[in-house]
Every structure is written in structure tokens, then in C-alpha cells.
Amino acid sequence: MDVPETMRAMRISGHGGPEVLEPAEVAVPTPAAGEVLVRVGAVALNNTDLWTREGAYGRPGDPAALSGWRGPIDFPRVQGADVAGRVVAVGPGGDEGLVGRRVVVDPAIYDGEGPDANPVGLMGSERDGGYAEFVTAPAARVHDMTDSPLTDDQLAALPVAYGTALGMIERGGLREGETALVSGASGGVGLALVQIARARGARVLAISSGSKSEAVREAGAHEVVDRAAGTLARLGAVAPDGIDVALDVVAGELLSDGLPLLREGGRWVVAGALGGYEVTFDVRRLYLHNTRVIGSTMHTPGHFDLLMELARRAAVRPVIAAAFPLREAARAQRELARRDHVGKIVLHP
């Protein structure tokens, strides 16, 4: 396939507000051995885009330090972890049969080989991402989705949000027939949690704002509790026997006050801190009831393989809230930060 020499991209020049997203005409990257070049069809936005731009991740021992996902970022950096597109070239010695295939890129950079490796870096943070017309990726991390009935927008919505959700569900050991609580249920990860937990046969309780409750029910929630109206009391009413697994992207007071909602042997899985990263709780509620608090960052390669199988048969169908042209990336990030939408926001290069 013909590949131009230059491309349009949106890069961050440093940490800051949406204004640090700048358009640039840059060289199309050349795939190295073991890599492929993907023409980006769609790239989805995530909270990690906002927090990486803002430098909001902190560092061990210095939670207020400006930092990227796993430490300092090399600037300028092309953002964007969620990419769907077509392979247009392969690196030296690569499989030419990949050229022309429609793919989803696993954006994680892992700490080793094997299905249980942990993510220690992320495309769009530790390497350039998909806010561009082309992006390189390891050939081992592109998944052939040519035959999936999902659109490019829906495929692009999968990696971070649905990968994070599936990682939470797998690490929490959610089983058929159990009761799951999903916080932040109208967001990208939240809707993914609702859909996957429901598909697994769990009873799904969701926390969301009242205006978004119907969309959360349509995604598969059995009960939706308004986060602004006595959340814990209402959860106690709809789940009088307790909760088996909490799937939480909010933390803060919800975790501090909600831990007693867990049944004996319950699991509270945390993958975000929208409600605050400083948490206190009565540790007696933890050890006396054999409960567990589990941290979960994204997914393993094994989790991602399972997610791609779900997507090939459209067992999950991401909700797309809005689409913007690439040049309006800053506007799209502002829209994401307002949290008035339900589902995923995508960019079209």
C-alpha cells in the first residue's frame, strides 16, 4: 500500500490543559523489525488521556508530582491508546499477510512475555499513540478483526475501557450468579463493566447519575442507584444480602464507607480514583470477613485475547457517544472531562 512521507498528528508539548494539544505535520513512523504500521481508522479517548496530559498520576512517595502513567514522559508525545485501523506495512522480515487486515492494537507495554504479564507502559504515554494518521505497534500486539461486525469506532472503544473492565472482572473472580456493584457506570469503563458482568451471568447493580440511568439499564444493569441520593443506603436496600464483587473506578468515600457492603469473602476491585485517591476504612471489616481489596490496572495479554474473542462475535457492543475530527482533539478532551455523555468519544484522523 502507498504510504505518504508525512502525516497529521496531535501532540502534547508538556503537561497542562487542553491547550497543550498541538497539531503537527510529522514524518510517518517506520516500523522496525517486529512491528507493523497501522493507518488509524478511529482512536477513542480515555480518562488516561486527560490524566497523562495533566500529569495527574503522581509518583511513589510524591502523589502530587506531575507524572505520566508510569513516570516522566518524553515530549512531544502523540497521545491515544485506543486504535483500530488497517495494517499498511510491516517491518523487516515481518508477515506481509498482515497488510490490509483490519486490526485492533493492544496498547499495553508489558513486563514480560506470556499470558499473565503485567502492563508497565501504555501507548500514548510511554510510546507514541493514535492521535495521528499512522502509528506503529508490535506485530504481536495487533489483533485481526477483519471479520468482526463491529465498526472501527466500536473496535477503537475496546482496548483501554473494555480491557480494564475485563481485567477487573477476571482479577475479582466474578462468577455467574454473584452480585456485582459497578461505580461510575455511565463512563466508558463503567458501561463495559455492566455489559461484561451481565454477559457473565451476574446480577449487576450500578451507580450513575439519574439522567443517565436509562442508558445504564439498557447496557444490562438490573438496578441503577442515583449517586446523588443516599447511595449507600439505597445499595443496602437493593442488595440486602450484600455484594460479592465491587468493580470500582471511583474509590474515595465510596470505598471508605462502602466496604461493609461486601459479603463474606467479597472482593473490592479498584481501577480508578475519580472520587479521590486518599482512602480510609475500618480494617476490621477487611480481615474479620475475609474480604479483599484488589488493585487492577488494565489487562494482561490473556485478558486481551479473551476480549478480542468477545468482539469478533459482537458479544459486547460499545456505545459511541460522539465523534470528532482529529484536529478537534482538544475539544473532544474538554467534552470528555465534562462527563455529560454516555459511552465513548472517538477521533477520526
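These figures come from a predicted structure and were not determined experimentally.

Visitor: Lay out the packing of helix α1 (residues 47–54) against helix α10 (residues 329–338) in plain terms, naming residues and giving numbers.
Guide: It is the contact of α1 with α10, at a shortest axis distance of 10 Å, that shows an interaxial angle of 110°. As far as their axial angle goes, α10 and α1 are roughly perpendicular. For the pair α1 and α10, the contacting residues are Asn47, Asp49, Leu50 and Arg53 in the first and Gln333, Leu336 and Ala337 in the second. The class makeup of the residues in the contact of α1 with α10 is three nonpolar, two polar and two charged.

Visitor: Kindly report on the pattern of salt bridges, identifying the contributing residues and their values.
Guide: Counting across every chain of the model gives 14 salt bridges. Between Glu35 and Arg127 there is a salt bridge, with its nearest N and O atoms 3.4 Å apart. Placement of the pair is Glu35 in strand β3 (residues 35–44) and Arg127 in the loop between β8 (119–122) and β9 (134–138), with a sequence separation of 92 residues. Here Arg101 and Asp144 are joined by a salt bridge, their closest N and O atoms 2.9 Å apart. Here the residue Arg101 occupies a position in the loop between β5 (82–90) and β6 (102–105), and Asp144 occupies one in strand β10 (residues 142–144), the gap between them amounting to 43 residues. Arg101 gets classed as partly exposed once you look at its relative accessible area, which sits at 30%. Each of Arg175, Glu178 and Arg267 takes part in a single network of salt bridges with overlapping partners.

Visitor: A description of the environment of His303 should follow, citing residues and the corresponding values.
Guide: Within the secondary structure layout, His303 lies in helix α9 (residues 301–312). The exposure class of His303 is buried, given its relative accessible area of 13%. For the pair formed by His303 and Asp152, sequence separation is 151 residues and the distance between their alpha carbons is 21 Å. When neighbours within four sequence positions are excluded, His303 is seen to be in contact with Leu166, Gly167, Glu170 and Arg171.

Visitor: I'd like a description of the side chain of His299, backed by residues and values.
Guide: Mapping His299 onto the fold places it in the loop between β16 (292–295) and α9. A polar contact is formed between the side chain of His299 and the side chain of Asp106, at a distance of 2.9 Å. Contacts of His299, omitting those with residues within four sequence positions, involve Asp106, Pro107, Ala108, Tyr110, Ala117, Pro119, Pro159, Gly163, Thr164, Arg171 and Phe304.

Visitor: Requested: an account of unusual backbone geometry, with residues and values cited.
Guide: What is expected of a backbone is that most residues other than glycine have negative phi and most peptide bonds are trans. Of note, the amide linkage connecting Phe75 to Pro76 takes the cis form, showing an omega dihedral of -5°. Positive phi, normally seen in glycine, also occurs at Ala251, with a value near 60°. Tracing the sequence through the fold places Ala251 in the loop between β14 (243–248) and α7 (253–258). Given a relative accessible area of 5%, Ala251 falls into the buried group.

Visitor: So what's going on with the side chain of Thr52? Which residues, and what values?
Guide: Relative to the helices and strands, Thr52 is located in helix α1. Since its relative accessible area comes to 3%, Thr52 is described here as buried.

Visitor: How would you sum up a nonpolar patch on the surface? Please name residues and give values.
Guide: On the surface, Phe281, Val283, Tyr287, Leu288 and Val293 cluster together to form a nonpolar patch covering roughly 450 Å² of accessible area. Topologically, Phe281 is positioned in the loop between β15 (262–270) and α8 (284–287). When its relative accessible area of 32% is taken as the criterion, Phe281 is described as partly exposed.

Rules used throughout
- Residues numbered from 1 in each chain as written.
- Predicted model: local features only at pLDDT ≥ 70, side-chain atom pairs only at ≥ 80, totals over all residues.
- Heavy atoms only, no water.
- Axes fitted to C-alpha atoms, helices over the stretch in contact; angles between N-to-C directions.
- Helix = DSSP H or I, 4+ residues; strand = E, 2+ residues; numbered from the N terminus.
- Parallel < 35°, antiparallel > 145°, perpendicular 65-115°, else oblique.
- Contact = heavy atoms within 4.5 Å.
- Nonpolar A, V, L, I, M, F, W, Y, C, P; charged D, E, K, R; others polar.
- Salt bridge = Lys/Arg side-chain N within 4 Å of Asp/Glu carboxyl O.
- Buried < 20%, exposed > 50% of the residue type's maximum accessible area, 1.4 Å probe, protein only.
- Polar contact = N/O pair within 3.5 Å; in protein donor to acceptor, adjacent residues only side chain to side chain.
- Patch = residues over 30% accessible without salt bridge, like charges linked within 9 Å, V, L, I, M, F, W, Y side chains within 5 Å.
- Areas by Shrake-Rupley, 256 points an atom, 1.4 Å probe, with all protein chains shown as cover.

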